[in-house]
Amino acid sequence: MSLEYIYTYHRSFSFLFNVKSNPFSFSKPLSAVSIVLLVVLSGCSSPVTSSTDQASSSMDPVPRVEAPPVLKEDFEVPQNSGLYAKLNRHRSLEVVEGVGVNNSAGLQATYVGYDRGSERIVLEYSLGQRGLTYSLCYDVRFDEDFQFVRGGKIMGLGPDVKVTGGNTVIPAGWSARSNFAEDGGIHTYVYSQNKKWKWGESVHSDKAVFRKGDFHKVTLQVQLNDPANLPNGESHIYVDGKLQVTHKKIQYRGVSGDNTLISKLLFETFHGGNTPEYAPRDKNGNYTTVNAYFDNIEVYEGLHVCTLGE
Ligand SMILES: [Ca+2]
């Protein structure tokens, strides 16, 4: 036991006995107590340097391993099945080289104006698993001449039986989508047990989030209410990594059970609404066609925020 080591221990305990800090000048009655303590401590403790090393090693940042997405489509490899094929088969959707992020392959969506907004692009795709909380990420670029008009759907998540389109909510049915808004903002669009209107309820971003011509990375988080009889569900929307929408107190489902859990991607994008006022038009006032592009559609279990370049 080195003198330095003894001195360190003595200094550590000297305040308990109100003795001077010099180990060789403390008073006799306390000397015995200090020595006993020193012997006990030296026998049962690791050297100071070692315990310091242990403390720092337990606090070293451990690289965080993110769970891989449960669904991922970047459109780079043509597929005859799965989400790629299902999207590419839709008459208003087409995988096109060069329209994705960094000129990669992406999904072109064609919005054809008509008397209910634009022709419906509505697809469902099973996640292959189910749970209470998932995060949907996608990149979207609206063309320079895209018209938001009065707003429309982009995509979202749902259970086995979704409820949308002004239909009556059933206890096991709900939907949670992200919508583009008239001002270039984004909002939630939720059909829940406790919505106040026939149509879904929304919380809007404070400002525009979409610049036409640029890709943006959207994350839609859906946290189901649990237990089913409480309105404690939430939804959040991040754009380019920044929180833009917080929607709370949602009772998505009214009963519990596997069929009420998040289990599907709802790829639903169109203008509307349900009336001619939602339709994109040319300068003569006739219905026209506009485009948007999607890439890197991913779904993660739990709360996840996707950032550009991911
Ligand atoms: Ca791509």
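Now for a quick tour of the structure. As the structure is a prediction and not an experimental result, all values here were calculated from the model.

**Concerning the overall build of the protein**
Within the protein one finds four helices and 14 strands. The buried share among the 310 residues of the protein stands at 37%. Considering only intrachain contacts with a sequence separation of at least 6, the fraction spanning at least 24 residues in the protein is 68%.

**Description of the pairing of strand S7 (residues 152–158)**
When you tally the buried positions in S7, you get seven out of seven residues, the bulk of the element. Sheet topology places S7 next to strand S13 (residues 262–271); five bridges connect them, and they run antiparallel. Bridge pairing in S13 links Gly152 to His271.

**Considering the pairing of strand S14 (residues 289–301)**
The element S14 is largely enclosed, with a buried count of ten among its 13 residues. Both strand S3 (residues 106–114) and S14 contribute to a ladder of six bridges, which runs antiparallel. By the bridge assignment for S14, Val112 is matched with Thr289. With eight bridges connecting them, strand S6 (residues 133–142) and S14 associate as antiparallel partners. Paired with Val140 across the two strands is Phe294, which belongs to S14.

**Details of helix H4 (residues 82–89)**
For H4, the complete set of buried residues consists of Leu83, Tyr84 and Leu87. Buried residues of H4, seen end-on, are gathered within an arc of 105 degrees and therefore sit on one face of the element. Projecting away from the buried face of H4 at angles above 90 degrees are the exposed residues Gly82, Ala85 and Arg89.

**Regarding the sheet that holds strand S5 (residues 121–131)**
Across the sheet, which stays open at both edges, the five strands sit in the order S5-S13-S7-S8-S9 with antiparallel pairing between neighbours. Two strands lie at the open edges of the sheet, namely S5 and strand S9 (186–191), each paired on one side alone. Geometrically, the sheet is characterised by an average inter-axis angle of 20 degrees between neighbouring strands, direction not taken into account. In the sheet, S5 pairs with S13 via seven bridges, with the strands oriented antiparallel. Counterpart to Glu124 in the pairing with S13 is Leu266.

**With respect to the environment of Arg253**
In this structure, Arg253 sits in the loop between strand S12 (242–250) and S13. Given 26 C-beta atoms within a 10 Å radius, Arg253 is considered buried. C-alpha separation for the pair Arg253 and Leu224, spaced 29 residues apart in sequence, amounts to 7.7 Å. Once you skip the residues sitting within four places of it in the chain, Arg253 turns out to touch Pro171, Ala172, Trp174, Gln193, Leu224, Asn225, Ala228 and Thr260.

**Details of the environment of Tyr114**
Looking at where Tyr114 falls in the secondary structure, it is placed in strand S3. Considered as a pair, Tyr114 and Pro280 are 166 residues apart in the sequence and their alpha carbons are 8.1 Å apart. When sequence neighbours within four positions are dropped, the list of residues in contact with Tyr114 reads Glu119, Ala279 and Tyr287.

**Description of the nonpolar core**
Ranked by size, the top nonpolar core spans 57 residues in total, and within it Leu136, Tyr138 and Leu157 carry the most contacts. No other element matches S14, which puts seven residues into this core. Setting aside its immediate chain neighbours within four residues, Leu136 contacts Met155, Gly156, Leu157, Leu220, Leu265 and Val299.

**Let's talk about unusual backbone geometry**
Phi is mostly negative for residues that are not glycine, and the peptide bonds are mostly trans. Here the amide bond leading from Asp226 into Pro227 is cis, since omega sits at 5 degrees, within 30 degrees of zero. A positive phi angle is found at Lys249, which is not glycine, with a value near 60 degrees. On the secondary structure map, Lys249 appears in strand S12. You can call Lys249 exposed: it has 12 C-beta atoms within 10 Å. Despite not being glycine, Asn296 shows a phi value in the positive range, around 50 degrees. Relative to the helices and strands, Asn296 is located in strand S14.

**Structural notes on the environment of Thr164**
The topology assignment puts Thr164 in the loop between S7 and strand S8 (175–180). Setting aside its immediate chain neighbours within four residues, Thr164 contacts Ser175 and Tyr191.

About the cut-offs
Residues numbered from 1 in each chain as written. Predicted model: local features only at pLDDT ≥ 70, side-chain atom pairs only at ≥ 80, totals over all residues. Helix = DSSP H or I, 4+ residues; strand = E, 2+ residues; numbered from the N terminus. Buried ≥ 20, exposed ≤ 12 C-beta atoms within 10 Å, placed from the backbone. Contact = placed C-beta atoms within 7 Å. Pairing = 2+ DSSP bridges. Arc of directions from axis to C-beta. Axes fitted to C-alpha atoms, helices over the stretch in contact; angles between N-to-C directions. Core = buried A, V, L, I, M, F, W, Y, C linked by C-beta atoms within 7 Å.

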